[in-house]
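Structural overview
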Amino acid sequence: MRIFLAGATGAVGRLLVPLLVADGHQVTGTARTAGGAERLRARGATAVPLDVLDAASVERAVADAAPDAVIHQLTALAGGSRAENGRIRREGTRHLVDAALRAGVRRIVAQSISWAYEPGATPAVESTPLDLAAPPPRAAMVGSLRALEEAVAEIETHVVLRYGTFYGPGTWYAPGGALDAVLRGAPLEGPGARPGAAMVGQVVADDAISSFVHVADAARAAVAALGWPSGAVNVVDDEPAPARDWLPALATALGTPAPPPAGPGREGWARGADNTLAHRLGWRPLHPTWRTGFHDQQEQ
């Protein structure tokens, strides 16, 4: 299969390329820099420069690649901003879908997230509505995801991967990443801030529940999704957990001080996500829990 991989040099994309190549796919991957393009070629992919916010550039790149499927892993998480990330979800996805439709692409796999569901008492399943009544600033994030998922649904076969919080090499949670810096007392904003730290926000050991996924498992899910039916799938590990449990474990793995426990209570949307559907589709995380996974975050 000919694959057009948008976001091929990101935390998931760089692990995804060799998996696709090993499966016999012909991969055209996008890169923002010459170094990124060189790394893609070294992994067996064809590299193309791409500004996803330039519709004409996206149309040319997709048309030239003539793909059977598009995989959308684009974000602005590496040193970007929430506004830029939202623009990529809205405008970038629109350009990518339009280009795919013009090129006759009939399958797309796209990255979304699993913490945009409406409030509830239990981990969210895929049929749980998105949190469309959320107040600002959360409303902007949920709105951008709604736009992404609705655009992707215009492709005949469309799989939306609602990923958990990424950890592993190249993420905020890895040694030397944004969370490491914040736990060591670095500022969230300003000249001394680690890239991405401002988007991490306050780090509090409270009752807010998160679902995690190691980036290697996220990449494996994207490969598997090339054979899945249309729809959204939560791609998360097996253990949703409150920050009062996982944050001290992360601090221990990183060798940083742990924040003191906070008071009880959580936002209703901080509920985690259920991965039963992904299991039924045959995906099993190699890192089933953050309890062991946080200690296995070396560069790959």
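Residues numbered from 1 in each chain as written. Predicted model: local features only at pLDDT ≥ 70, side-chain atom pairs only at ≥ 80, totals over all residues. Heavy atoms only, no water.

**Structural notes on the overall build of the protein**
Counting its regular elements, the protein contains 11 helices and 11 strands. Expected size for 300 residues packed as a compact globule is a radius of gyration near 19 Å; at 18 Å, the protein falls within 12% of this value. Principal-axis analysis of the C-alpha atoms gives the protein an extent of 55 × 40 × 35 Å. Among the 300 residues that make up the protein, the fraction classed as buried is 52%. Intrachain contacts of the protein at a sequence separation of at least 6 include 77% that bridge at least 24 residues. Accessible area of the protein: about 12,900 Å², with a carbon and sulfur share of 52%. (Helix = DSSP H or I, 4+ residues; strand = E, 2+ residues; numbered from the N terminus. Rg over C-alpha atoms; globule rule 2.2 N^0.38 Å. Buried < 20%, exposed > 50% of the residue type's maximum accessible area, 1.4 Å probe, protein only. Contact = heavy atoms within 4.5 Å. Areas by Shrake-Rupley, 256 points an atom, 1.4 Å probe, with all protein chains shown as cover.)

**Here's the deal with the packing of aromatic side chains**
For the structure shown, the criterion picks out 8 aromatic pairs. Relative to Trp246, the ring of Tyr173 lies with its centre 6.0 Å away and its plane at 55°, an arrangement referred to as tilted. Of this pair, Tyr173 sits in the loop between strand S7 (165-167) and helix H6 (178-183) while Trp246 sits in helix H9 (residues 243-254), and the two are 73 residues apart along the sequence. Taking the relative accessible area as the measure of exposure, Tyr173 reaches 10% and is therefore buried. On the basis of relative accessibility, which here comes to 7%, the residue Trp246 falls in the buried class. Taken together, a centroid distance of 4.9 Å and an interplanar angle of 75° make the contact between Phe212 and Trp246 edge-to-face. You can see Phe212 sitting in strand S9 (residues 212-214) and its partner Trp246 sitting in helix H9, a full 34 residues away along the chain. Looking at Phe212, the relative accessible area reads 0%, which means it is buried. Through pairs of rings, three or more aromatic residues link up here, namely Tyr167, Tyr173, Phe212, Trp246, Trp290 and Phe294. (Phe/Tyr/Trp six-rings, centres within 6.5 Å; stacked < 30°, edge-to-face > 60°.)

**Notes on the packing of helix H3 (residues 55-65) against helix H4 (residues 82-102)**
Two measures define how a pair of helices packs: the angle their axes make with one another and the distance between the axes. Two elements in contact, H3 and H4, have axes separated by 9 Å at closest approach and are oriented at 40°. The pairing of H3 with H4 is recorded here as oblique in orientation. Crossing geometry of H3 relative to H4 is assigned as right-handed. Contacts from Ala55, Val58, Glu59 and Val62 of H3 reach H4 at His95, Leu96, Ala99, Ala100 and Arg102. For the contact of H3 with H4, the class distribution of residues is 6 nonpolar, 1 polar and 2 charged. (Axes fitted to C-alpha atoms, helices over the stretch in contact; angles between N-to-C directions. Parallel < 35°, antiparallel > 145°, perpendicular 65-115°, else oblique. Left-handed = near helix turned anticlockwise from the far one by under 90°. Nonpolar A, V, L, I, M, F, W, Y, C, P; charged D, E, K, R; others polar.)

**Some points on the environment of Tyr163**
Locating Tyr163 in the fold gives a position in strand S6 (residues 157-163). Leaving out residues up to four positions away in the same chain, Tyr163 has contacts with Val12, Gln73, Gln111, Ser112, Ile113, Ser114, Trp115, Val213, Ala218, Ala222, Val235 and Val236.

**Structural notes on the nonpolar core**
Formed by 36 residues in total, the largest nonpolar core has its most connected members in Leu20, Leu161 and Tyr163. Looking at this core, the elements that each hand over two or more residues are strand S1 (2-6), helix H1 (13-22), strand S2 (26-31), helix H2 (34-42), strand S4 (69-72), S6, helix H8 (215-225) and strand S10 (231-235). A per-element tally of this core places H8 first, with 8 residues. Sequence-distant contacts of Leu161, defined by excluding residues within four places in its chain, comprise Val109, Ala110, Gln111, Ser112, Ile113, Ala221, Ala222, Ala225, Trp228, Val233 and Val235. (Core = buried A, V, L, I, M, F, W, Y, C linked by side-chain atoms within 4.5 Å.)

**Remarks on the sheet that holds S4**
Ordered by their spatial adjacency, 7 strands build an open sheet running S3-S2-S1-S4-S5-S6-S10, and the pairing between neighbours is parallel. The open sheet has two free edges, formed respectively by strand S3 (46-49) and S10, since each of these has just one partner strand. Each strand of the sheet is rotated relative to its neighbour by a mean of 20°, with strand direction disregarded. Two elements, strand S5 (residues 107-113) and S6, share 7 bridges in a ladder whose sense is parallel. From the neighbouring strand, Gln111 faces S6, where its bridge partner is Leu161. (Pairing = 2+ DSSP bridges.)

**A look at H4**
With 21 residues, H4 extends 30 Å from end C-alpha to end C-alpha; this agrees with the ideal 30 Å at 1.5 Å per step. Bending of H4 peaks at approximately 30° at the position of Ile88. Along H4, the positions that sit buried rather than exposed are Asn85, Gly86, Ile88, Arg89, Gly92, Thr93, His95, Leu96, Val97, Ala99 and Ala100. Packed against the buried residues of H4 are S1, H3, S4, S5 and helix H5 (138-152). Immediately beyond the C-terminal end of H4, within one or two residues, lies Gly104, with a positive phi of roughly 80°. (Expected span 1.5 Å × (residues − 1). Bend = angle between axes of the 7 residues up to and from the residue.)

**Digging into the pairing of S5**
Within S5, 7 of the 7 residues are buried, leaving the element largely enclosed by the surrounding structure. In this sheet, S5 lies alongside S4 in parallel orientation, the contact comprising 3 bridges. Bridge pairing in S5 links Ile71 to Val109. Since S5 and S6 lie parallel, the crossover through H5 that links them has a hand, and here it is right-handed. (Right-handed = clockwise from strand over helix to strand, strands pointing away.)

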